[in-house]
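# Fold and geometry: a report
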Amino acid sequence: MNPSGSIAFSPSSQFKQTCGFCGSVFRVEIERPASWKDTHPYCCPECGRTCVAKTSTPPRVTLLSKRTDNRTSLHPQT
Ligand SMILES: [Zn+2]
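These lines cover the structure that appears in this document, whether it is placed above or below. Remember, it's a predicted structure, so these values are computed and weren't measured experimentally. (Residues numbered from 1 in each chain as written. Predicted model: local features only at pLDDT ≥ 70, side-chain atom pairs only at ≥ 80, totals over all residues.)

## A closer look at the overall build of the protein chain
- Within the protein chain, the secondary structure is distributed over zero helices and five strands.
- Secondary structure elements of the protein chain, listed N to C terminal, follow the sequence β-β-β-β-β.
- In the protein chain, which comprises 78 residues, the share counted as buried stands at 19%. (Helix = DSSP H or I, 4+ residues; strand = E, 2+ residues; numbered from the N terminus. Buried ≥ 20, exposed ≤ 12 C-beta atoms within 10 Å, placed from the backbone.)

The structure is reproduced here in structure tokens:
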């Protein structure tokens, strides 16, 4: 239901995201939202799907809800 992928979010200290591949829910915490000219990748904790956040430091990802797709495969990275 959640077409995540390229989520556009305004700079905030944290947000919740549902993985568009496996359905897991995780929290992404941004340490320094004030300067977001840089981007850092972060991964879904369940399938390893990579997203990119606009932040100057690597985001911290916390798993909130496990994947719901009943698969065990990782997201095919390019
Ligand atoms: Zn995932």
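## Let's talk about the pairing of strand β2 (residues 25–29)
- In this sheet, β2 lies alongside strand β1 (residues 14–18) in antiparallel orientation, the contact comprising five bridges. Paired with K16 across the two strands is R27, which belongs to β2.
- Counted along the chain from β1 to the antiparallel partner β2, the turn is six residues long, and its residue G23 has a positive phi close to 90 degrees. (Pairing = 2+ DSSP bridges.)

## Points about the pairing of strand β3 (residues 39–43)
- Taken together, the five bridges between β3 and strand β4 (residues 50–54) define a ladder with antiparallel strand orientation. Within β4, the residue paired with T39 across the bridge is K54.
- In textbook terms, the turn of a hairpin is the stretch between consecutive antiparallel strands, and for β3 and β4 this stretch comprises six residues, one of which, G48, has a positive phi near 80 degrees.

## Details of unusual backbone geometry
- Backbone geometry places N70, a non-glycine residue, at a positive phi of 60 degrees.
- Looking at the element boundaries, N70 is found in the segment after β5 (60–65).
- Taking the number of C-beta atoms within 10 Å as the measure of exposure, N70 has 7 and is therefore exposed.

## Focus on the sheet that holds β1
- Overall, antiparallel pairing links the three strands, which are arranged β1-β2-β5 in an open sheet. Each edge of the sheet is formed by a strand with only one pairing partner; in this case those strands are β1 and β5. On average, adjacent strands in this sheet sit at an angle of 25 degrees to one another, irrespective of strand direction. (Axes fitted to C-alpha atoms, helices over the stretch in contact; angles between N-to-C directions.)

## Considering the nonpolar core
- By size, the foremost hydrophobic cluster in this structure holds five residues: C19, F21, C22, C44 and C47.
- Setting aside residues up to four positions removed in sequence, C47 forms contacts with C19, F21, C22, R67, L74 and H75. (Core = buried A, V, L, I, M, F, W, Y, C linked by C-beta atoms within 7 Å. Contact = placed C-beta atoms within 7 Å.)

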